[in-house]
Amino acid sequence: MSKLKLIVGLGNPGQQYAQTRHNAGFWFVERISETFNITMTLDKKFHGLVGRGVVYGMDIRLLLPHTFMNKSGEAVVPMVSFYGIHNDELLIVHDELDLDVGRMRLKTGGGHGGHNGLRDIVPHIGADFHRLRLGIGHPGHKSKVSGYVLGKPTADEQIAFDSMLDAAMRTLPDLVTGDLAKAQQAINSFKLPHA
């Protein structure tokens, strides 16, 4: 099983979006950069913040696209191409409406599921990369989705997000070394302590 070389967090750039549900992917990658002291710097070539560091003994690159969600491919595609990163060495972390807050899934391949970030990436590199889907819940009706994903979590939801991200971080040693089956079991079975 291949070891990871690139972890991408999807979200929207700018302070007004930093705390919104749609930026859950950013939150996870930001945790990695903070935990492992990986400096994130703006790289115009890759249209985003990029960093490189050692994560549990692995040489890992991080990317936070600064293209807005629906143009994520403009950051991801040049970076995987430039560094020759294969899809089985790529993990894309994103928010997921179809999972309750605090639930998450690790999967390889599949469609874009209506996610605008994935929708912009898949046509260019294929679908067989790894995804970490972080549940943000669903507002109940299609018409409310846009406002919901660009809204800030409630206090209770934020606590749930923090627990979920902590749990995801605990699987990082398995993720980066390529033991995805072990990471997947821990991620897919995670439940919030009070749930």
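Residues numbered from 1 in each chain as written. Predicted model: local features only at pLDDT ≥ 70, side-chain atom pairs only at ≥ 80, totals over all residues. Heavy atoms only, no water.

Per an unreviewed UniProt entry, the protein chain is named Peptidyl-tRNA hydrolase, and its organism is Faucicola osloensis. Its UniProt record, at the heading Sequence similarities (unreviewed entry), says of the protein chain: "Belongs to the PTH family." Taken directly from UniProt, the Subunit (unreviewed entry) text for the protein chain runs: "Monomer." (UniProt positions renumbered as here; feature names shortened; annotations may be inferred.)

**Q** Hey, could you run me through helix H2 (residues 73-83) in this one?
**A** All buried positions along H2 are accounted for by Gly 73, Ala 75, Val 76, Met 79 and Val 80. For H2, the arc enclosing every buried residue in end-on projection is 165 degrees, short of the 170-degree limit, so these residues lie on one face. Opposite its buried face, H2 presents the exposed residues Ser 81 and Phe 82, each directed more than 90 degrees away. Where H2 is buried, its residues meet strand S1 (6-9), strand S3 (48-55), strand S4 (58-65), strand S5 (90-96) and helix H3 (116-125). Directly beyond the C-terminal end of H2, a positive phi value near 65 degrees is found at Gly 84. (Buried < 20%, exposed > 50% of the residue type's maximum accessible area, 1.4 Å probe, protein only. Helix = DSSP H or I, 4+ residues; strand = E, 2+ residues; numbered from the N terminus. Arc of directions from axis to C-beta. Contact = heavy atoms within 4.5 Å.)

**Q** I'm lost on the UniProt feature "site: Discriminates between blocked and unblocked aminoacyl-tRNA" (unreviewed entry) in the protein chain in this one. Help?
**A** In this numbering, the UniProt entry assigns the feature "site: Discriminates between blocked and unblocked aminoacyl-tRNA" (unreviewed entry) to Asn 12. Its location among the elements puts Asn 12 in the loop between S1 and helix H1 (24-35). Apart from residues no more than four positions distant in its own chain, Asn 12 is found in contact with Tyr 17, His 22, Asn 23, Phe 26, Phe 68, Met 69 and Leu 150.

**Q** Sorry if this is basic, but what is going on with the pairing of S3 here?
**A** Regular strands have side chains that alternate between both faces of the sheet. As paired elements, strand S2 (residues 41-43) and S3 share three bridges and run antiparallel to each other. Looking at S3, one finds that Asp 43 is bridged to Gly 48. Hairpin connection, S2 to S3: the antiparallel pair is bridged by four residues, and His 47 has positive phi, about 50 degrees. Taken together, the eight bridges between S3 and S4 define a ladder with antiparallel strand orientation. Its bridge partner being in S4, Gly 51 is matched across the sheet by Leu 62. Here S3 hands over to S4 after two residues, with Tyr 56 in that stretch at a positive phi of 50 degrees. (Pairing = 2+ DSSP bridges.)

**Q** Any chance you could explain the environment of Leu 175 here in plain terms?
**A** Tracing the chain through its elements places Leu 175 in helix H6 (residues 172-177). Separated by 45 residues in sequence, Leu 175 and His 130 have C-alpha atoms that sit 10.0 Å apart.

**Q** Help me understand the pattern of salt bridges in this model?
**A** Two side chains of opposite charge can pair, provided their charged atoms sit close to one another. If you walk through the whole model with that rule in mind, you get seven salt bridges. Taking the shortest distance from any N to any O, the salt bridge between Arg 31 and Asp 166 comes out at 2.3 Å. Of this pair, Arg 31 sits in helix H1 while Asp 166 sits in helix H5 (residues 155-170), and the two are 135 residues apart along the sequence. Judged by its relative accessible area of 21%, Arg 31 is partly exposed. Judged by relative accessible area, which is 35%, Asp 166 ranks as partly exposed. When salt bridges that share partners are traced, they join Arg 31, Asp 162 and Asp 166 into one network. (Salt bridge = Lys/Arg side-chain N within 4 Å of Asp/Glu carboxyl O.)

**Q** Would you take a moment to explain the packing of H1 against H5 for this structure?
**A** When two helices pack together, their arrangement is given by the angle between their axes and by how far apart the axes lie. As a packed pair, H1 and H5 sit with axes 10 Å apart at the nearest point and diverge in direction by 55 degrees. Classified by the interaxial angle, the pair formed by H1 and H5 is oblique. Viewed along their axes, H1 and H5 form a crossing whose handedness is right-handed. Note on element contacts: H5 touches H1 through Gln 158, Phe 161, Asp 162, Leu 165, Asp 166, Ala 168 and Met 169, opposite Trp 27, Phe 28, Arg 31, Ile 32 and Thr 35. Partitioning the contact of H1 with H5 into residue classes produces seven nonpolar, two polar and three charged. (Axes fitted to C-alpha atoms, helices over the stretch in contact; angles between N-to-C directions. Parallel < 35°, antiparallel > 145°, perpendicular 65-115°, else oblique. Left-handed = near helix turned anticlockwise from the far one by under 90°. Nonpolar A, V, L, I, M, F, W, Y, C, P; charged D, E, K, R; others polar.)

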